[in-house]
Amino acid sequence: MSTRVPALPDFRRIVVKVGSSLLVDSSAGRLREEWLRALCEDIAWLHGGKRDLLAVSSGSIALGRSVLKLPRGALALEDSQAAAAVGQIALARIWAENLGTRGITAGQILVTLGDTEERRRYLNARSTIDRLLEWKSVPVINENDTVATTEIRYGDNDRLAARVATMVSADLLVLLSDIDGLYDAPPGSGVAANLIPVVERITPEIESMAGASGSELSRGGMVTKIEAGKIATTAGTHMVIASGKTMHPLRAIADGGRCTWFLTPANPVTARKKWIAGALEPKGTLHIDAGAVAALRRGASLLPAGVKRFEGTFQRGDAVTVRDLDGAEIARGLVAYDAEDAMKIVGRSSADILTILGFSGRTEMIHRDDLVLSGR
């Protein structure tokens, strides 16, 4: 029995990764304007179907080089950073104009590795993206090449896109590439090469098809795409590799064009909750009253009013255990406040948070999306 290939319109939150070679004609040093217009038409088509769309876009250094008329060849780190500073302005304007003509507002977000690895910055980036999506904007995300160094850079936007997809709980990551999928042998090598249409699990055999990093078999950056696939599918996000050379590449995927699907048995919500429940060490304990226990079991968030006391030293985003007043574990979750602020608002109404803390924080101590009931 063959595995069912997903349909692009089935997904509710889609991250689309666009590489520099697709966006910028390296031989002429110019933007591929007609291609980008076609891609934005595809994005607008999906966006109009009440889906969340995000773009992870390379191209700032390439565009900066073109504007500054820098010579071809490798650039020193500081030259790359300076070129990116010029190119980021051009890249943001290009995306904003092309999406704007289709009635969509674009928002630019620049990230570094630390923004997805350091917990507080991760939460801030996630919150910003969530708010843009609530406003029906399309976030355009790029590595912040103006400050990233060789020590902290992602090094490729495939893995950056996978990190972004898991951060925002996307259910699909689309990697537009200069190759239309994963082959069982190097295309053009003289050996018969067959496209692998579906990868149900990334095995050592699948990894070997990508070739060794830096070798002649590492074609089209396939090694980093497989690594991105591991990141995405582990977090419950499907991934598809498809050619970006064609006009309207997203429509082509939807119409059954050649591509490789990487499937996951989970979904972003269950994968995230599994991670909260078992992979994080609790940094503290919240003790809640009977009313709060009943509310959590009905699927509600945990409000400050239901918390009677807490133990431990924790920071916003840390995992904590939630217990009833008799000490029985009720749930685990990611707390929305540092211990110092939590101390001031436990037992108080959410409406009092602004007055007590001097800033308007979240109304919940733990949001229901960040909470897992024990035994479930």
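See the structure shown above.
Residues numbered from 1 in each chain as written. Predicted model: local features only at pLDDT ≥ 70, side-chain atom pairs only at ≥ 80, totals over all residues. Heavy atoms only, no water.

## As for the sheet that holds strand S1 (residues 13–18)
Phase 1: Spatially, eight strands are ordered S5-S6-S4-S1-S7-S9-S10-S8 in an open sheet, and the strand pairing comes out mixed. The open sheet has two free edges, formed respectively by strand S5 (106–111) and strand S8 (198–199), since each of these has just one partner strand.
Phase 2: With two bridges joining them, S8 and strand S10 (residues 259–262) adopt parallel strand pairing. Looking at the pairing, valine 199 lines up with phenylalanine 262 of S10. (Pairing = 2+ DSSP bridges. Helix = DSSP H or I, 4+ residues; strand = E, 2+ residues; numbered from the N terminus.)

## Brief notes about the packing of helix H2 (residues 33–47) against helix H4 (residues 77–100)
Phase 1: Packing of H2 against H4 brings their axes to within 9 Å, and their N-to-C directions diverge by 55 degrees. The angle between H2 and H4 falls in the class oblique. Both H2 and H4 take part in a crossing whose hand is right-handed. Contacts between H2 and H4 involve Leu36, Arg37, Leu39, Cys40 and Ile43 on the former and, on the latter, Ile94, Trp95, Asn98 and Leu99.
Phase 2: Taken together, the residues that form the contact of H2 with H4 break down as seven nonpolar, one polar and one charged. (Axes fitted to C-alpha atoms, helices over the stretch in contact; angles between N-to-C directions. Parallel < 35°, antiparallel > 145°, perpendicular 65-115°, else oblique. Left-handed = near helix turned anticlockwise from the far one by under 90°. Contact = heavy atoms within 4.5 Å. Nonpolar A, V, L, I, M, F, W, Y, C, P; charged D, E, K, R; others polar.)

## Some points on unusual backbone geometry
Phase 1: Here lysine 50, not a glycine, exhibits a phi torsion of approximately 65 degrees, which is positive.
Phase 2: Within the secondary structure, lysine 50 sits in the loop between H2 and strand S4 (52–57).
Phase 3: Among the residues examined, lysine 50 registers a relative accessible area of 74% and is labelled exposed.
Phase 4: Of note in the backbone geometry, serine 169 takes a positive phi value of approximately 55 degrees without being a glycine.
Phase 5: Residue position: serine 169 is located in the loop between helix H7 (157–167) and strand S7 (172–177). (Buried < 20%, exposed > 50% of the residue type's maximum accessible area, 1.4 Å probe, protein only.)

## Concerning the pairing of S5
Phase 1: The alternating pattern of S5 places Gly107, Ile109 and Val111 on a buried face, while none of Ala106, Gln108 and Leu110, on the opposite face, is buried.
Phase 2: Sheet topology note: the S5/strand S6 (residues 138–143) ladder contains six bridges and is parallel. Paired with leucine 110 across the strands is asparagine 142, a residue of S6.

## Concerning the side chain of aspartate 324
Phase 1: Note on placement: aspartate 324 falls in strand S13 (residues 319–324).
Phase 2: Of the side chains with opposite charge, arginine 297 comes closest to the buried, unpaired aspartate 324, at an N-O distance of 6.0 Å.
Phase 3: Within the structure, the side chain of aspartate 324 is placed 2.9 Å from the backbone nitrogen of aspartate 326, a separation counted as a polar contact.
Phase 4: Engagement of the side chain of aspartate 324 in a polar contact is seen with the backbone nitrogen of glycine 327, the distance being 2.9 Å.
Phase 5: Setting aside chain neighbours within four positions, we find aspartate 324 in contact with His287, Ile288, Val293 and Ile330. (Lys, Arg positive; Asp, Glu negative; His and termini not counted. Salt bridge = Lys/Arg side-chain N within 4 Å of Asp/Glu carboxyl O. Polar contact = N/O pair within 3.5 Å; in protein donor to acceptor, adjacent residues only side chain to side chain.)

## Quick look at the environment of phenylalanine 262
Phase 1: Inspection of the secondary structure puts phenylalanine 262 in strand S10.
Phase 2: When its relative accessible area of 0% is taken as the criterion, phenylalanine 262 is described as buried.
Phase 3: On a C-alpha basis, the gap between phenylalanine 262 and isoleucine 196 in space is 10.0 Å, while along the polypeptide they are 66 residues apart.
Phase 4: Apart from residues lying up to four places away in sequence, phenylalanine 262 is in contact with Leu182, Val199, Ile202, Ile226, Thr233, His238, Met239 and Ile241.

## Here we look at the sheet that holds strand S12 (residues 307–312)
Phase 1: Strand order in the open sheet made by the five strands is S12-S11-S13-S14-S15, with mixed pairing throughout. At either margin of the open sheet sits one strand with a lone partner, and together these are S12 and strand S15 (371–373). For this sheet, the mean angle separating the axes of adjacent strands, direction not counted, is 25 degrees.
Phase 2: Helix-sheet contacts for helix H12 (residues 290–297) involve strand S11 (284–288), S13, strand S14 (329–334) and S15, and the interaxial angle to S11 is about 105 degrees.

## Focus on the nonpolar core
Phase 1: In this structure, Val15, Ile129, Ile141, Leu173, Leu182, Ile226 and Phe262 are the most contacted members of the largest nonpolar core, which totals 40 residues.
Phase 2: Broken down by secondary-structure element, the contributors of at least two residues to this core are S4, S5, helix H6 (119–134), H7, S7, helix H8 (204–209), helix H9 (222–234) and strand S9 (238–243).
Phase 3: Counting residues in each nonpolar core, the second largest holds 36 residues, with Leu36, Val140, Leu172 and Leu250 among its members. (Core = buried A, V, L, I, M, F, W, Y, C linked by side-chain atoms within 4.5 Å.)

## So, the environment of glycine 103
Phase 1: Within the secondary structure, glycine 103 sits in the loop between H4 and S5.
Phase 2: When the C-alpha atoms of glycine 103 and alanine 44 are compared, they prove to be 8.3 Å apart, with 59 residues separating the residues in sequence.

## As for the packing of aromatic side chains
Phase 1: According to the stated counting rule, one finds two aromatic pairs in the structure shown.
Phase 2: Measuring from ring centre to ring centre gives 6.0 Å for phenylalanine 11 and tryptophan 261, while their planes differ by 20 degrees; the resulting arrangement is stacked. Highlighted residues: phenylalanine 11 in the segment before S1 and tryptophan 261 in strand S10, separated in sequence by 250 residues.
Phase 3: Owing to a relative accessible area of 7%, phenylalanine 11 belongs among the buried residues under this scheme.
Phase 4: According to the relative accessible area criterion, tryptophan 261 is buried, its value standing at 3%.
Phase 5: Taking NZ or CZ as reference, arginine 251 lies 3.9 Å from the ring centre of tryptophan 45, over its face. (Phe/Tyr/Trp six-rings, centres within 6.5 Å; stacked < 30°, edge-to-face > 60°. Lys NZ or Arg CZ within 6 Å of the ring centre and 35° of its normal.)

Shape descriptors only; they carry no functional weight alone.
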